[in-house]
Amino acid sequence: MGLTRLLALVRKEFLALFRDPKSRMILIAPPVLQLLVFSYAATLEVRNVDVMVFNLDAGHWGSELTSRIEASPQFRLVQRTDNPAELRDAIDRERVIAAVEIGADFSRNIEAGTTADVAIILDGRRSNASQIVSGYISSIAAGLAADTPAGQRLASVRVGTAARNWFNPNLEFTWFMVPGLVASIAMLVGLLVTALAIARERELGTFDQLMVSPLRTHEILIGKVIPPILIGFVHISLFVLASVWIFGVPLRGSVVALYVAAFFYLISLVGFGLFISALAATQQQAILGAFLFLAPAMLLSGFATPIANMPEWLQVLTYINPLRYFLVIVRGVFLKDIPLAEIVVETVPMALIACATLPIAGWLFRRRLE
């Protein structure tokens with residue numbers, strides 16, 4: 001292999017990437033904006049929601065429960081009503097996500113030391129958010145129950161519990177989300193850059209010139225692979241720095257091990273990208289093909305929902321997804337100083353995926369030349 005020819009091709013690829021407006025747009029602004037926006041917007045926490053309270057109780061404890069709900073920082077607006085029709089209309093029109101109905105005998109039951117029930121009406125159209133809001137309200141009601149005379153009498157015989165959260169003591173959601181974005185946005189950029197590599201040559205009419213050059217087929221493929229990998233490392237480095245210095249996510253593990261794993265992760269993504277690029281005739285087709293791969297890869301990675309929650313037949317498909325393995329490594333390195341043996345276990349499948357996708361992409365590339 002001629003090193004000079006290969007370096008010339010790599011230089012040409014970088015020039016083509018930064019001269020093309022579409023490629024510049026993909027490389028520079030979107031990854032940084034996505035990291036900043038998704039880190040704050042992509043959250044499973046529910047805040048600033050509106051609820052309604054329908055209080056039929058004229059006693060002290062009904063008013064106390066209403067006041068505690070109004071004082072909760074999770075709720076933006078707590079509306080009061082004495083009309084059941086207004087409550088139904090508020091849920092129907094999505095003005096509130098939940099309504100709390102306090103019965104007429106609520107305070108009397110508390111004073112008598114018997115069970116005092118509270119009804120929570122939820123908007124099932126927003127199932128996940130409504131269940132979280134239900135948990136908030138139930139927690140407030142449980143706190144009130146502990147402060148009642150009956151609750152204080154029972155407190156002396158209760159077993160005390162103290163919860164400790166390892167690796168994320170304050171349950172900061174950005175600590176969970178940002179490391180995942182490091183892996184997912186790097187996949188987005190690396191796959192798109194690689195997918196555009198050959199398709200851009202065909203669309204611009206320079207593909208035939210490339211084929212009659214002194215470069216051999218495998219040299220062309222290697223020259224197409226190196227720039228996306230280097231760009232991927234740059235993005236991962238920027239994201240790691242932003243995670244630590246902007247979002248305050250701790251970096252407890254080995255940075256060297258993270259970069260070694262990132263190399264195999266990027267190599268495996270490049271294999272998929274070359275496969276898409278070899279099939280695409282235009283840059284538009286390459287972009288559509290990349291997003292056709294990205295959407296299932298994100299959903300089947302465990303980024304937002306645990307893989308264990310998926311049907312067993314669907315879990316099988318996750319084994320060919322590089323993001324599944326790199327997510328474990330990134331979150332482990334950031335939050336819990338994952339042992340080197342575990343990093344190796346998660347890196348080996350990515351290496352095997354690369355060993356499978358790169359030869360297939362090379363074979364398809366040669367077939368398109370015939």
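Note that the structure is a prediction, hence the values are computed from the model and not measured.

### Considerations on the overall build of the protein
Regarding its fold elements, the protein presents 16 helices and four strands. Burial analysis of the protein (370 residues in total) assigns 46% to the buried set. Across the protein, every contact between residues at least 6 apart in sequence was considered, and the portion connecting residues at least 24 apart equals 80%. Surface summary for the protein: the accessible area is close to 19200 Å², and the carbon and sulfur share equals 63%.

### Description of the pairing of strand E1 (residues 49-55)
By the criterion of burial, E1 is predominantly enclosed, with six of the seven residues buried. Note: E1 against strand E2 (residues 75-81), six bridges, orientation parallel. Looking at the pairing, Val 49 lines up with Phe 75 of E2. Handedness of the E1-helix H4 (residues 60-71)-E2 crossover: right-handed. Here E1 pairs with strand E3 (residues 98-102) via five bridges, running parallel. When the sheet's bridge partners are listed, Asn 55 is paired in E3 with Ile 102.

### Structural notes on the pattern of salt bridges
The tally for this structure, following the rule as stated, stands at seven salt bridges. When the shortest N-O distance is used, the salt bridge between Arg 125 and Glu 94 registers 3.7 Å. Placement of the pair is Arg 125 in the loop between strand E4 (118-122) and helix H7 (127-147) and Glu 94 in the loop between helix H5 (84-92) and E3, with a sequence separation of 31 residues. Judged by relative accessible area, Glu 94 falls into the partly exposed class, the value being 42%. If you follow the salt bridges from partner to partner, you end up with Asp 89, Arg 93 and Arg 95 in one network.

### A short note on the side chain of Ser 243
For Ser 243, the location among the structural elements is in helix H11 (residues 217-245). With relative accessibility at 0%, the residue Ser 243 sits in the buried group.

### A few points about the sheet that holds E1
The pairing of strands in a sheet comes from backbone hydrogen bonds and takes either a parallel or an antiparallel form. Pairing is mixed in the open sheet, where four strands are placed in the order E2-E1-E3-E4. Of all the strands in the sheet, the pair left with one neighbour each is E2 and E4. Going across the sheet, the axis of each strand differs from the next one's by a mean of 20 degrees, ignoring polarity. By the bridge criterion, five bridges tie E3 to E4 in an arrangement that is antiparallel.

### Quick look at the side chain of Asp 123
Tracing the backbone through its elements, the reader meets Asp 123 in the loop between E4 and H7. Of the polar contacts made by the side chain of Asp 123, one reaches the side chain of Arg 125; its length is 2.8 Å.

### Comments concerning a nonpolar patch on the surface
Together, Leu 340, Val 344, Val 348 and Leu 352 make up an exposed nonpolar region whose accessible area comes to about 380 Å². With respect to the helices and strands, Val 348 occurs in helix H16 (residues 340-369). Overall, Val 348 belongs to the partly exposed group, its relative accessible area being 42%.

### Side note on the environment of Ala 116
Inspection of the secondary structure assignment puts Ala 116 in the loop between helix H6 (106-112) and E4. Separated by ten residues in the primary sequence, Ala 116 and Phe 106 have C-alpha atoms spaced 5.4 Å apart. Those residues in contact with Ala 116, other than ones at most four positions away along the chain, are Phe 106, Asn 109 and Ile 110.

Parameters and conventions
- Residues numbered from 1 in each chain as written.
- Predicted model: local features only at pLDDT ≥ 70, side-chain atom pairs only at ≥ 80, totals over all residues.
- Heavy atoms only, no water.
- Helix = DSSP H or I, 4+ residues; strand = E, 2+ residues; numbered from the N terminus.
- Buried < 20%, exposed > 50% of the residue type's maximum accessible area, 1.4 Å probe, protein only.
- Contact = heavy atoms within 4.5 Å.
- Areas by Shrake-Rupley, 256 points an atom, 1.4 Å probe, with all protein chains shown as cover.
- Pairing = 2+ DSSP bridges.
- Right-handed = clockwise from strand over helix to strand, strands pointing away.
- Salt bridge = Lys/Arg side-chain N within 4 Å of Asp/Glu carboxyl O.
- Axes fitted to C-alpha atoms, helices over the stretch in contact; angles between N-to-C directions.
- Polar contact = N/O pair within 3.5 Å; in protein donor to acceptor, adjacent residues only side chain to side chain.
- Patch = residues over 30% accessible without salt bridge, like charges linked within 9 Å, V, L, I, M, F, W, Y side chains within 5 Å.

Note that every value here comes from positions in space, so none of it alone points to a role or purpose.
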